[in-house]
Amino acid sequence: MKYKAIIFGLIILAIQTSAQDSTRFFLDEFNASVNCTTVKGDNNDRCGFGLGAYHSFMPEKMLNVITGFEYNRTTQFKYWEYGGHFSNERDLTYRMNFVSVPLGLRINFGNKTKIFLEAGGFADLMVYSRKKGTYDTFLPDSNMHIVHYSGQIDEPAGLPSSFGVYAGLGIRIPVSTFELIIKPDYKFGLNKMDSYGYASFYNRYFRLNIGIKINRAIH
């Protein structure tokens, strides 16, 4: 419920700001992205996707402030996870769905076609996470013989939100009244993503963003 309230608040903010400046779109930049996690240890990288909508403050200046909201889905694979004294989990796929709020600075170079650097912070607010895999138990029977049993896992993962910093390098190419934007970036999550306190990993991923920026005024 709290994430719905955040999304609603962002929409209200967009409407209010747009009403104050009717000559421009409030949301003037839109993109789609693909991502790939960068994890280590007994994890493995998997790919995901996302969508974003942004507003650039001071768009005519060399230095812009960028904010907005995104939907990002990331995926990680974990080979093994401790489940207790007599159990473990393995071959786990984690799927994480976030509403993301970035806040960054963008510095532009060039006249028509622009190269830019962008960096800032972000909050990946967890909406829903799920894991699938296999569990093993090793329990003694009535004769004190260890019995091995395996089963399937498909359940909510209960993972927390992620907060961190990001940086990217991009290009803005004029096309009619729009600009085509191509921007690779990297999001570096700072806090651990723990599953029931046993599996420590981070949400860190590369993205390739492709989108458009609206330049024409609205009358």
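Note that the structure is predicted; figures quoted are calculated from it, not measured.

Participant: Before we go on, may I ask you to explain the overall build of the protein in this structure?
Facilitator: A count of helices and strands for the protein gives one helix and twelve strands. Ordered by position from the N terminus, the helices and strands of the protein form the series α-β-β-β-β-β-β-β-β-β-β-β-β. In the protein, the proportion of contacts linking residues at least 24 apart, taken out of those at least 6 apart, comes to 64%. In the form shown here, the protein has an accessible surface area of approximately 11,800 Å², with 67% of it arising from carbon and sulfur atoms.

Participant: Is there a simple way to think about the environment of isoleucine 146 in this case?
Facilitator: Looking at the secondary structure, you find isoleucine 146 in strand 7 (residues 146–156). For isoleucine 146, a relative accessible area of 56% gives the class exposed. Once the C-alpha coordinates of isoleucine 146 and phenylalanine 86 are considered, the two residues, 60 residues apart in sequence, prove to be 9.9 Å apart.

Participant: Explain the pairing of strand 9 (residues 178–189) to me, please; I cannot follow it from the model alone.
Facilitator: For a regular strand, side chains alternate in direction, first toward one face of the sheet and then toward the other. Here strand 9 shows one buried face, formed by Glu179, Ile181, Lys183, Asp185, Lys187 and Gly189, and one open face, formed by Phe178, Leu180, Ile182, Pro184, Tyr186 and Phe188. Sheet topology note: the strand 8 (residues 162–175)/strand 9 ladder contains ten bridges and is antiparallel. In the strand pairing of strand 9, valine 175 is matched with phenylalanine 178. Hairpin remark: strand 8 followed by strand 9, antiparallel, with two residues in the connecting loop; positive phi at serine 176, about 60 degrees. Across eleven bridges, the pairing between strand 9 and strand 12 (residues 204–214) is antiparallel. Pairing of phenylalanine 178 across the sheet is with isoleucine 214, part of strand 12.

Participant: In this structure, what is going on with unusual backbone geometry? I would like to understand it.
Facilitator: Phi at methionine 58 takes a positive value of approximately 55 degrees, unusual for a residue other than glycine. You can see methionine 58 is positioned in the loop between strand 3 (47–57) and strand 4 (63–84). Phi angles above zero are rare outside glycine, and aspartate 91 is one such case at about 50 degrees. Taking the relative accessible area as the measure of exposure, aspartate 91 reaches 36% and is therefore partly exposed.

Participant: Which parts of the structure should I look at to understand the pattern of salt bridges?
Facilitator: Opposite charge on two side chains permits pairing when their charged atoms draw close. Under the criterion given, the structure shown has 14 salt bridges. Note that glutamate 70 and arginine 207 form a salt bridge whose closest N and O atoms lie 3.2 Å from each other. Of this pair, glutamate 70 sits in strand 4 while arginine 207 sits in strand 12, placing them 137 residues apart in sequence. Overall, the relative accessible area of 6% leaves arginine 207 in the buried class. Between aspartate 185 and lysine 183 there is a salt bridge, with its nearest N and O atoms 3.9 Å apart. When its relative accessible area of 5% is taken as the criterion, lysine 183 is described as buried.

Participant: What is the right way to look at the environment of leucine 27 in this model?
Facilitator: By the element assignment, leucine 27 lies in the loop between helix 1 (2–20) and strand 1 (29–37). When the C-alpha positions of leucine 27 and isoleucine 214 are compared, they lie 8.6 Å apart, and in sequence the two are 187 residues distant. Residues in contact with leucine 27, not counting those within four places in the same chain, are Ala53, Tyr54, His55, Phe69 and Ile214.

Participant: Is there a simple way to think about the packing of aromatic side chains in this case?
Facilitator: Working definition: an aromatic ring pair is given by the centre-to-centre distance plus the angle between the planes. All chains considered together, the criterion is met by four aromatic pairs. Ring-pair connections join several aromatic residues into one group, and the members of that group are Tyr186, Phe188 and Phe206. Geometry around phenylalanine 116 places arginine 106 over its ring, the cationic atom sitting 4.3 Å from the centre. Its guanidinium or amino end placed over the ring of phenylalanine 122, lysine 187 lies 4.3 Å from that ring's centre, counting from NZ or CZ.

Participant: Hey, could you run me through the pairing of strand 6 (residues 114–140) in this one?
Facilitator: Note that strand 5 (residues 87–109) and strand 6 share 21 bridges and pair antiparallel. Pairing of arginine 106 across the sheet is with glutamate 118, part of strand 6. Bridge count for strand 6 against strand 7 is eleven bridges, and the pairing is antiparallel. For threonine 134, the partnering residue across the bridge sits in strand 7 and is glutamine 152.

What counts as what
- Residues numbered from 1 in each chain as written.
- Predicted model: local features only at pLDDT ≥ 70, side-chain atom pairs only at ≥ 80, totals over all residues.
- Heavy atoms only, no water.
- Helix = DSSP H or I, 4+ residues; strand = E, 2+ residues; numbered from the N terminus.
- Contact = heavy atoms within 4.5 Å.
- Areas by Shrake-Rupley, 256 points an atom, 1.4 Å probe, with all protein chains shown as cover.
- Buried < 20%, exposed > 50% of the residue type's maximum accessible area, 1.4 Å probe, protein only.
- Pairing = 2+ DSSP bridges.
- Salt bridge = Lys/Arg side-chain N within 4 Å of Asp/Glu carboxyl O.
- Phe/Tyr/Trp six-rings, centres within 6.5 Å; stacked < 30°, edge-to-face > 60°.
- Lys NZ or Arg CZ within 6 Å of the ring centre and 35° of its normal.

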